[in-house]
Number of protein chains: 2
Amino acid sequence: MKLLIVEDSQRLRKSLQLGLKHLGFTVDTTGNGREAIAYLRVNHYDVVLLDLMLPEVDGLSVLKEIRHRKKESAVIVISAKDQVDDRILGLDLGADDYLCKPFDFDELHARIKSLIRRKYQLHNNVMVFGKLKVDIDMRSVAVNKQAVNLTPNEYSILALLTMNQGKVMTFNNIENHLYDSYSSVTRNAIEAHISAVRRKLKAHQVTDLIKTRRGFGYYIDAVE
Amino acid sequence: MKLLIVEDSQRLRKSLQLGLKHLGFTVDTTGNGREAIAYLRVNHYDVVLLDLMLPEVDGLSVLKEIRHRKKESAVIVISAKDQVDDRILGLDLGADDYLCKPFDFDELHARIKSLIRRKYQLHNNVMVFGKLKVDIDMRSVAVNKQAVNLTPNEYSILALLTMNQGKVMTFNNIENHLYDSYSSVTRNAIEAHISAVRRKLKAHQVTDLIKTRRGFGYYIDAVE
DNA sequence: AACGGCTCTGAAGATTTGCTGAAGATGTGC
DNA sequence: GCACATCTTCAGCAAATCTTCAGAGCCGTT
């Protein structure tokens, strides 16, 4: 899951970044609207946290840009408590949620999870695949109630493929979800992770779940 | 599907080429307008990506040339954000779409697919042929919901014949669609691919779909 | 600050898959 | 039946992918 934080205050930005990264999200941050738009053009974000008070290009313009180009990003508008006008404008322009400063971090986390569930049309936090269960909330995987011990990156890859079952995820897609915009890895790193996930699933008698689409990437067959 | 990329910046050109090739397109590239016109005179392209800022011969002249000679190519004009005049001129001259730099690669991909759909008058991404389904988006083929495991070249040939059903595709047509301008193969390579496609379809009880027009090439009968 | 454990990464080699052209078989029109 | 086009099979080659592994880095603990 990848997030973009657009927030003027460096203090808050940094603290949100660390907190969300800790929860397993991949996080890009920026403090101004112009850069935010540049980021949005290059990457895909599941959720954008958007403060409306920004230098250079204001938050509403960023919101317009998102709605214009990237319908798949959910937007949570963050704003100081007294800016009621902002609030109205934000919802009119299609913000998906709204938080007043100061807000509770757990509240934010809950709303992010809620938007992600909505995006992927999940009715609860667990996806079932025959014997396999992927718990989005816990970031854990189990086969027949036996936990599969995946590392964070391994889990992220499996979750991405699971949530996009039936679609081929390219190396770019995967890299986008695992790494923030400052990182850079060879595709072999992803191959190695895939290999590890397959090996660990195989130890639980789950084979051929992750399939290779040569020249494109990886996918999991959709189940009805 | 064959594309021509006309783009001054070598960096961007190369990255687009690799990215699009990976998505299954056949790609020619050039960095100047003179060469672009030469390419256009020799090959057929489904889509041309055209940067208007070019050395030697400017982009608008290339666009005129395309519209003058080659009505079957769709054109996506690429331009820096502030060149609004270019935009107006481009659309006046009949660009089919327009993208500002920097643009999102997936956005580009989506627009290319959209133009291809329009060109072949497809209403969605799946072409149905009795039991046979060809999914343009996924580059996959299925018979009675059973996937037919085609290699990239095999798929490309079948897609070409399908999208041009009722028309005979010559060896030249097919070679044009499968290979960029720097490759060269014997016609037997294509015969071998056709043979493989027929064999794989036959395994799914689909026979006599691809017909041979002796001395000309291959075709699939149009269905109403 | 040092330590231990875990994870990540890129290299290297093994393996798999796909492409091509050759060669011989088969088919077609005359 | 002949000449030629097309079909099929196959093996060598090239490229993509898989697997393993060791070194580096990170994180929490002491």
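Here the structure is a predicted model, which means the values were calculated and not measured.

A word on the overall build of chain A. The secondary structure content of chain A amounts to eight helices and 12 strands. Its C-alpha atoms give chain A a radius of gyration of 18 Å, near enough to 17 Å, the size a compact globule of 224 residues would have. Along the first, second and third principal axes, the C-alpha atoms of chain A reach 55 × 35 × 30 Å. Residue burial in chain A is summarised as follows: out of 224 residues, 50% are buried. Taking all contacts inside chain A whose residues are at least 6 apart in sequence as the whole, residues at least 24 apart take part in 59%.

With respect to spatial proximity, 23 residues lie near DNA strand C, and among them Thr151(A), Tyr179(A), Thr151(B), Tyr179(B) and Asn188(B) are the closest. Each atom of DNA strand C within 4 Å of the protein was classed as base or backbone; sugar and phosphate made up 58%. Take His193(A): an N or O atom from its side chain is 3.2 Å from a phosphate oxygen of DNA strand C. Thr151(B) places a polar side-chain atom, nitrogen or oxygen, 2.7 Å from a phosphate oxygen of DNA strand C. Breaking the surface near DNA strand C down by element, the ones donating at least two residues are α6 (152-163) and α8 (187-202) of chain A together with α8 (187-202) of chain B. When grouped by side-chain class, the residues that make up the surface near DNA strand C number nine nonpolar, 12 polar and two charged.

Moving on to the interface of chain B and chain A. Listed by partner, the interface residues are 13 residues for chain B and 11 residues for chain A. Contact between chain B and chain A buries roughly 1100 Å² in total, counting both sides, with carbon and sulfur atoms accounting for 44%. The largest contributions to the chain B side of the interface with chain A come from His22(B), Asp104(B) and Met138(B), which together make up 44% of the buried area. Where chain B packs against chain A, one counts zero salt bridges.

This brings us to the protein's contact with DNA strand D. Within the structure, DNA strand D sits among 21 residues, and Arg187(A), Thr212(A), Tyr218(A), Arg187(B) and Tyr218(B) are positioned closest to it. Backbone sugar and phosphate groups make up 68% of those atoms of DNA strand D lying within 4 Å of the protein. In this structure, Arg214(A) approaches DNA strand D through a side-chain N or O atom, which is 3.2 Å from a base nitrogen. In the model, a phosphate oxygen of DNA strand D is placed 2.4 Å from a nitrogen or oxygen of the Tyr218(A) side chain. Listed by contribution, the elements that provide at least two residues to the surface near DNA strand D are α8 of chain A together with α8 of chain B. Residue composition of the surface near DNA strand D, by class: four nonpolar, nine polar and eight charged.

Residue and element names in this part refer to chain A. The residues that UniProt annotates with the feature "modified residue: 4-aspartylphosphate" (unreviewed entry) are Asp 51. With respect to the helices and strands, the residue Asp 51 is situated in strand β3 (residues 47-51). With residues up to four places along the chain from it excluded, the contact list for Asp 51 reads Val 6, Glu 7, Asp 8, Gly 59, Ile 78 and Lys 101.

Ranked by size, the top nonpolar core spans 51 residues in total, and within it Leu20(B), Phe25(B), Val47(B), Leu49(B) and Ile112(B) carry the most contacts. Among the elements that take part in this core, helix α6 (residues 152-163) of chain B stands out by supplying seven residues, more than any other. Residues contacting Leu20(B), with those up to four places away along its chain left out, are Leu3(B), Ile5(B), Phe25(B), Val27(B), Leu49(B), Phe105(B) and Ile112(B). Tyr120(A), Phe129(A), Leu158(A) and Met163(A) belong to the second largest nonpolar core, which has 50 residues in total.

Conventions used here
Residues numbered from 1 in each chain as written. Chains lettered and ligands numbered in written order. Predicted model: local features only at pLDDT ≥ 70, side-chain atom pairs only at ≥ 80, totals over all residues. Heavy atoms only, no water. Helix = DSSP H or I, 4+ residues; strand = E, 2+ residues; numbered from the N terminus. Rg over C-alpha atoms; globule rule 2.2 N^0.38 Å. Buried < 20%, exposed > 50% of the residue type's maximum accessible area, 1.4 Å probe, protein only. Contact = heavy atoms within 4.5 Å. Near = heavy atom within 4 Å. Polar contact = N/O pair within 3.5 Å; in protein donor to acceptor, adjacent residues only side chain to side chain. Nonpolar A, V, L, I, M, F, W, Y, C, P; charged D, E, K, R; others polar. Buried area = accessible area lost by both parts, 1.4 Å probe. Salt bridge = Lys/Arg side-chain N within 4 Å of Asp/Glu carboxyl O. UniProt positions renumbered as here; feature names shortened; annotations may be inferred. Core = buried A, V, L, I, M, F, W, Y, C linked by side-chain atoms within 4.5 Å.

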